[in-house]
Amino acid sequence: MEIWINPACSKCRSAVKLLDAEGAEYTVRRYLEDVPSPDEIRAVLDRLGLEPWDITRTQEAEAKELGLKEWPRDAGSRERWISALSERPKLIQRPIITADDGTAVVARTDEAVRDALAR
């Protein structure tokens, strides 16, 4: 199990605290420092069953600069979104847990963290 976190994020700290309380074995990836490649983002999206715009923090200043809210959300625009997330990892929703069963979850709630632990 791996968790992508930003240590400054309270949701990330809560998720790590819950994983620790449950005695989970996991690896921490500080994705702002260890930036995921486009291929890694594609793999996580496949595991999540989501599209890149589903895990994009559109309220971030960088998202507003890029005008992300106006970008098309279709198959033809998918790679553009993935590139933006790889080039600007701050735009990636957090935390993301990749579960042992090959799936993943955006773990913004305790319930989502527990769901990942149960997989």
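Right, let's walk through the structure included here. As the structure is a prediction and not an experimental result, all values here were calculated from the model.

Examining the packing of aromatic side chains
In total, this model carries 3 aromatic pairs according to the counting rule given. An angle of 70° between the planes, with centres 5.8 Å apart, marks the rings of Trp 53 and Trp 81 as edge-to-face. With Trp 53 in the loop between α2 (38–48) and α3 (61–66) and Trp 81 in helix α4 (residues 78–87), this residue pair connects regions lying 28 residues apart in the sequence. Relative accessible area serves as the criterion here: at 13%, Trp 53 is assigned to the buried category. Taking the relative accessible area as the measure of exposure, Trp 81 reaches 1% and is therefore buried.

Regarding the pattern of salt bridges
The tally for this structure, following the rule as stated, stands at 9 salt bridges. Among the ionic pairs, Arg 29 bridges to Glu 40, the shortest N-O distance being 3.0 Å. With Arg 29 in strand β2 (residues 27–30) and Glu 40 in helix α2, this pair connects stretches of sequence that are 11 residues apart. Residue Arg 29 is classed as buried on the basis of its relative accessible area, which comes to 7%. Taking relative accessible area as the criterion, Glu 40 reaches 31% and is therefore assigned partly exposed. Each of Arg 29, Asp 34 and Glu 40 takes part in one network of salt bridges that share partners.

Examining the sheet that holds β2
Two orientations exist for strands paired in a sheet by backbone hydrogen bonds: parallel and antiparallel. The mixed open sheet is built from 4 strands, whose spatial order is β2-β1-β3-β4. Each having just a single partner strand, β2 and β4 (104–106) make up the two edges of the open sheet. Between one strand axis and the next, the sheet turns by 20° as a mean value, whatever way the strands run. Direction of pairing for strand β1 (residues 2–5) relative to strand β3 (residues 96–98): antiparallel, over a ladder of 3 bridges. If you follow Ile 3 over to β3, its bridge partner there is Ile 97.

Conventions adopted
Residues numbered from 1 in each chain as written. Predicted model: local features only at pLDDT ≥ 70, side-chain atom pairs only at ≥ 80, totals over all residues. Heavy atoms only, no water. Phe/Tyr/Trp six-rings, centres within 6.5 Å; stacked < 30°, edge-to-face > 60°. Helix = DSSP H or I, 4+ residues; strand = E, 2+ residues; numbered from the N terminus. Buried < 20%, exposed > 50% of the residue type's maximum accessible area, 1.4 Å probe, protein only. Salt bridge = Lys/Arg side-chain N within 4 Å of Asp/Glu carboxyl O. Pairing = 2+ DSSP bridges. Axes fitted to C-alpha atoms, helices over the stretch in contact; angles between N-to-C directions.

Any link to function would need more than the numbers given here.
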